[in-house]
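What the coordinates show
Next come the chains, spelled out residue by residue.
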Amino acid sequence: MQSCVDPHQPSRRNDPRDDPLHRRCMELAIAQAELAATIDEVPVGAVVVHPERGVIAAAHNERELRSDPTAHAEILALARAGQHLGTWRLDRCTVYVTLEPCPMCAGALVNARVAMLVYGADDPKAGACRTLFTIPEDPRLNHRLTIVGGVMADRCAALLKDFFAKKRNRRQPGRPPCGPDPLLNG
């Protein structure tokens, strides 16, 4: 797999969701999400990409593992990126995440001064970047970032749907899955 090097270079394509660099980097975030599922964590993965250094951090949800409500993939990846760079200012970085960030994570992206967010699936229950709120683009805040949503959205959403379907089946053996997923409609 090619490395993710400069997400700030403009794509020749009209739709940024089809940008090959975004897709390669989202593959890395998806791999993190798949790791989360193997330890029974909600499958959300994130990677942080620096324009010259490439991928500088990767993480997946670890809320159950750490018994920490703040151990979202984005928060862990931002912390690791800050440690890697030796600064909390990630103003040249792009964050790739498989699910639209929640209000906590969207606020962290703003506070870290991230340049760009690229996410996969929309989150109609807690999405704070486009679906329910627009925290990273709110002009009242001291920083705004570029957002590209919907990169490999079907694949990212399928990870979540499959995870929650398996959880429902484990709770009620022999019964078909029913009711909406906690994170996705349907």
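You'll find the structure just up there.
The model shown is predicted, which means the values in this text are computed figures rather than measured ones.

Conventions we followed
Residues numbered from 1 in each chain as written. Predicted model: local features only at pLDDT ≥ 70, side-chain atom pairs only at ≥ 80, totals over all residues. Heavy atoms only, no water. Pairing = 2+ DSSP bridges. Helix = DSSP H or I, 4+ residues; strand = E, 2+ residues; numbered from the N terminus. Axes fitted to C-alpha atoms, helices over the stretch in contact; angles between N-to-C directions. Contact = heavy atoms within 4.5 Å. Buried < 20%, exposed > 50% of the residue type's maximum accessible area, 1.4 Å probe, protein only.

**Remarks on the sheet that holds strand 4 (residues 116-121)**
- Reading across from one edge, 2-1-3-4-5 is the order of the five strands in this open sheet, with mixed pairing throughout. The outermost strands of the open sheet, each flanked by one partner alone, are strand 2 (54-60) and strand 5 (146-149). Within this sheet the neighbouring strands show an average axis-to-axis angle of 15 degrees, counted without direction.
- In this sheet, strand 3 (residues 94-99) lies alongside strand 1 (residues 45-50) in antiparallel orientation, the contact comprising four bridges. Bridged to Val-47 within strand 3 is Tyr-96.
- Each of strand 1, strand 2, strand 3, strand 4 and strand 5 is contacted by helix 1 (residues 20-38), which is oriented at about 55 degrees to strand 3, the strand it contacts most.

**Considering the environment of Pro-69**
- Looking at where Pro-69 falls in the secondary structure, it is placed in the loop between helix 2 (63-66) and helix 3 (73-85).
- Among the residues examined, Pro-69 registers a relative accessible area of 61% and is labelled exposed.
- Excluding residues that lie within four positions of it along the chain, Pro-69 makes contacts with Arg-63 and Met-104.

Keep in mind that these numbers describe shape and distance, not what the molecule does.
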